[in-house]
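# Commentary on secondary and tertiary structure
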Amino acid sequence: MAALVEILHARGALITGSDVSERFYTDEILEKLGIKAVPFAKENVTPETDYVIYSSAYSPEKCPDLIRAAELNKPMMLYSQALGAVSETAFSCGICGVHGKTTTTGITGTLLKALPLKSQVLAGSIIASFGNSCVMTKGHEYFVAETCEYQRHFMAFCPKKIILTSVESDHQDYYPHYEDIRDAFVDYILKLPSGGDLIYCADDKGACETAGIARSKRPDINLIPYGTKAEGEYKVTFGTVQNGMQKFELGSSGEFSICVPGHHNVLNASAAVALVSRLLEEDGKSVSDNLESIKKALLDFKGGKRRSEITGRAKNSLGQDIIFIDDYAHHPTAINTALAGYREFYSSHKIIVDFMSHTYTRTAALLEEFASAFSAADEVIINKIYGSARENASSANVSGKMLAEHAAAHHPHVTYAEEFDEAADTALKMLNENSGDKYPEGYIFVTMGAGDNWKVGQKVLEKLNS
């Protein structure tokens, strides 16, 4: 919603808005625009209001603002519908997938910022290289947006090109079976025009299957694979990890480097390179003439808010370094991949992860997958489950403690700490031990998940620095 506010504000709209009272990092974005969110109330919607745009997190039957909008017969649009309306005004590209959407969108925007294309990019989180904003704007001819599969929201978007990063079971409250979510992605791809590009990850089984089904229905769609299993100009060959950089080769275009950890981020970067290359060609410009700009711009991407975000540094009582990282990974595949990336990137550090699972339905459906996802960490702390407003927690047949018990069958060092104060105390004890000869550079402390356990990292960091 904050990113959409940025886009509409840049186009001259007069915007007011309401939200819960808890302060969130998006408040900073709004305040830079001179906009302050107020508490929900009927009085927020007036006869002068032209449109009411709202998040799917709020019900038109329960939210007082939306009830008042209906009484005044004001046009109401979901965020996804408004984003779709914006996409109709430009040559638009959608970035989708169960994992990696925000990072891939952030990298794409970082590249476009350095390229001679009039473009605007919307990501689902704050991106450092966007000037700590969710939006990068240098024109409106090309529009690239992160598009979400939940409740088929992306079906309102009008894409000319699509990046598909991954497809697997998720959002089990809406997609009970894998085939349900796969078919949603297929339907989205079928929105491409004749000759439209589907840039998909050849290393992801679900993405390959989805691309194949879409191709069988629409042979006029261009399939452009990327990854280690791809052939052609976007085939990835992983290189070394040195001095805080991952090196990789892409087709015949030579060596590229990124400054964020994990093989998955190399794949995300490859998808972004493929998309901007196709846009350059669309605009009649030479990719080879802009290749060095692309390679240089890749190094400018330093991640996004809650995406492998380094939130602080401290020293323990022995003088050893501790790097604090916050990561949004909330699906077993993303957890496993992210931790493996940290293990490779920070090979001389001991890794402690504090994890908070998001939604009871996802945890119950993927319990064993979650339980076995922490192998790259040295110590695991598990919190209570962060429930969704769309769930009935009282009827849930799973808990954070149950997840910790299952995880202990796969990992030798699992601790359950239900509340954040307990988790912070547990982490402090672990971080004040000697990391040993195996990990001479100290510790990485990662708070991971889509809940609010980033507060654990904040508590630990404050205690260490005081």
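Let me sum up the structure you'll find in this document. Here the residue numbering is sequential within each chain, running from 1 through the sequence in written order. Residue-level local features of this predicted model are given only where pLDDT is at least 70; pairs of side-chain atoms are given and counted only at 80 or more, and the full residue set underlies all totals for whole chains, interfaces and linings. Note: side-chain values were computed over all heavy atoms of the structure, leaving out hydrogens and water.

As for its placement among the helices and strands, aspartate 173 is situated in the loop between strand 7 (161–164) and helix 6 (178–189). Partly exposed describes any residue whose relative accessible area lies between the buried limit of under 20% and the exposed limit of over 50%, with all areas from a 1.4 Å probe on protein chains only and scaled to the type maximum. Looking at aspartate 173, the relative accessible area reads 33%, which means it is partly exposed. A C-alpha to C-alpha distance of 19 Å links aspartate 173 and alanine 329, two positions 156 residues apart in sequence. Among the polar contacts listed, one links the side chain of aspartate 173 to the side chain of tyrosine 150, at a separation of 2.9 Å. The helix and strand labels rest on DSSP assignments: H or I over at least four residues marks a helix, E over at least two residues marks a strand, and numbering proceeds from the N terminus. N or O atoms closer than or at 3.5 Å make up a polar contact, with two conditions inside protein: a donor-capable atom paired with an acceptor-capable one, and, for residues adjacent in sequence, both atoms drawn from side chains.

Strands were regarded as paired on the criterion that DSSP finds at least two bridges between them. One open sheet holds the 7 strands; their spatial order is 5-4-6-3-7-8-9, and the pairing between them is mixed. On the outer flanks of this sheet lie strand 5 (133–137) and strand 9 (222–226), each paired with one strand and no other. Across the sheet, the axes of successive neighbouring strands diverge by a mean angle of 15°, strand direction being ignored. Along the sheet face, helix 5 (residues 101–113) touches strand 3 (91–96), strand 4 (119–127), strand 5, strand 6 (142–146) and strand 7 and points at about 140° away from the line of strand 4. Throughout, a residue-residue contact means that at least one pair of heavy atoms, one from each residue, lies within 4.5 Å. Between N-to-C directions, angles cover 0 to 180 degrees, with each direction set by a line fitted to C-alpha atoms, over the stretch in contact for helices. In this fold helix 7 (residues 205–217) packs onto strand 7, strand 8 (197–201) and strand 9, with an angle of close to 155° to the strand it touches most, strand 8.

Attention now moves to the state of the cysteines. Disulfide assignment relies on a single distance test, namely cysteine sulfur atoms paired within 2.5 Å. Overall, the coordinates contain 0 disulfides when judged by the stated rule. Its sulfur unpaired, cysteine 208 is 7.1 Å from the next cysteine sulfur, which belongs to cysteine 201.

This paragraph deals with the nonpolar core. Nonpolar cores were defined as sets of buried Ala, Val, Leu, Ile, Met, Phe, Trp, Tyr and Cys residues, with membership established by side-chain atoms within 4.5 Å. One finds Leu111, Leu279 and Leu298 to be the most contacted residues of the largest nonpolar core, which totals 44 residues. The element contributing the most residues to this core is helix 8 (residues 263–282), with 11 residues. Dropping the residues within four chain positions of it, leucine 279 is found in contact with Phe91, Cys93, Leu112, Leu117, Tyr142, Val144 and Lys161. Among the nonpolar cores identified, the runner-up in size contains 36 residues, and Tyr25, Leu83, Phe154 and Val167 belong to it.

Let us now look at the environment of lysine 438. Mapped onto the secondary structure, lysine 438 falls in the loop between helix 14 (420–431) and strand 18 (443–448). By relative accessible area, which is 63% here, lysine 438 ends up exposed. Along the chain, lysine 438 and threonine 237 lie 201 residues apart, while their C-alpha atoms are 29 Å from each other. Separated by 3.4 Å, the side chains of lysine 438 and tyrosine 439 make a polar contact.

Definitions used for this entry: grid spacing 1 Å over protein atoms alone; cavity, a set of points where a 1.4 Å probe fits but cannot get out; pocket, an open set with protein on both sides within 12 Å along at least 5 of 7 lines; lining residue, one with an atom within 4 Å of a point. Grid points are joined across faces, edges and corners, and a volume is the space filled by probe spheres set on the points. Roughly 360 Å³ of internal volume is contained in the second largest pocket. The wall of the second largest pocket is formed by 17 residues, among which Lys305, Thr311, Asp326, Trp454 and Gln458 lie closest to the centre. Among the elements of the structure, strand 13 (309–315), strand 14 (321–327), strand 18 and helix 15 (454–465) are those that each provide at least two residues to the lining of the second largest pocket. Gly is put with the polar residues, along with every residue not named as nonpolar or charged; the nonpolar set is Ala, Val, Leu, Ile, Met, Phe, Trp, Tyr, Cys and Pro, and the charged set is Asp, Glu, Lys and Arg. When its residues are assigned to classes, the lining of the second largest pocket shows 7 nonpolar, 4 polar and 6 charged.

This structure, assessed with the given rule, holds 1 cavity of 30 Å³ or more. In this structure, the largest cavity is lined by Phe238, Gly239, Thr240, Val241, Gln246, Lys247, His263 and Glu344. Looking at the lining of the largest cavity, the elements with two or more residues in it are strand 10 (236–242) and strand 11 (245–250). In terms of residue count, strand 10 provides more of the lining of the largest cavity than any other element does, 4 residues in total.

This paragraph deals with the side chain of serine 308. Along the polypeptide, serine 308 turns up in the loop between helix 9 (287–298) and strand 13. Within the local environment of serine 308, its side chain forms a polar contact with the side chain of aspartate 327, the two groups lying 3.1 Å apart. Ignoring any residue separated from it by four or fewer positions in sequence, one finds serine 308 in contact with Pro261, Ile325, Asp326, Asp327 and Tyr342.

What follows concerns the sheet that holds strand 10. Judged by pairing direction, the sheet is antiparallel, and its 3 strands sit side by side in the order 10-11-12 without closing on themselves. Of all the strands in the sheet, just strand 10 and strand 12 (255–258) have a single pairing partner and so form its edges. Recorded for the sheet is a direction-independent mean angle of 25° between the axes of neighbouring strands. Across 5 bridges, strand 10 lies against strand 11 in antiparallel orientation. Bridged to glutamine 242 within strand 11 is methionine 245. Here helix 8 sits on the sheet and contacts strand 10, strand 11 and strand 12; the angle it forms with strand 11, its principal contact strand, is near 50°. Against the sheet, helix 9 touches strand 11 and strand 12, its axis set at about 25° to strand 12.

Read these as geometric descriptors, not functional statements.
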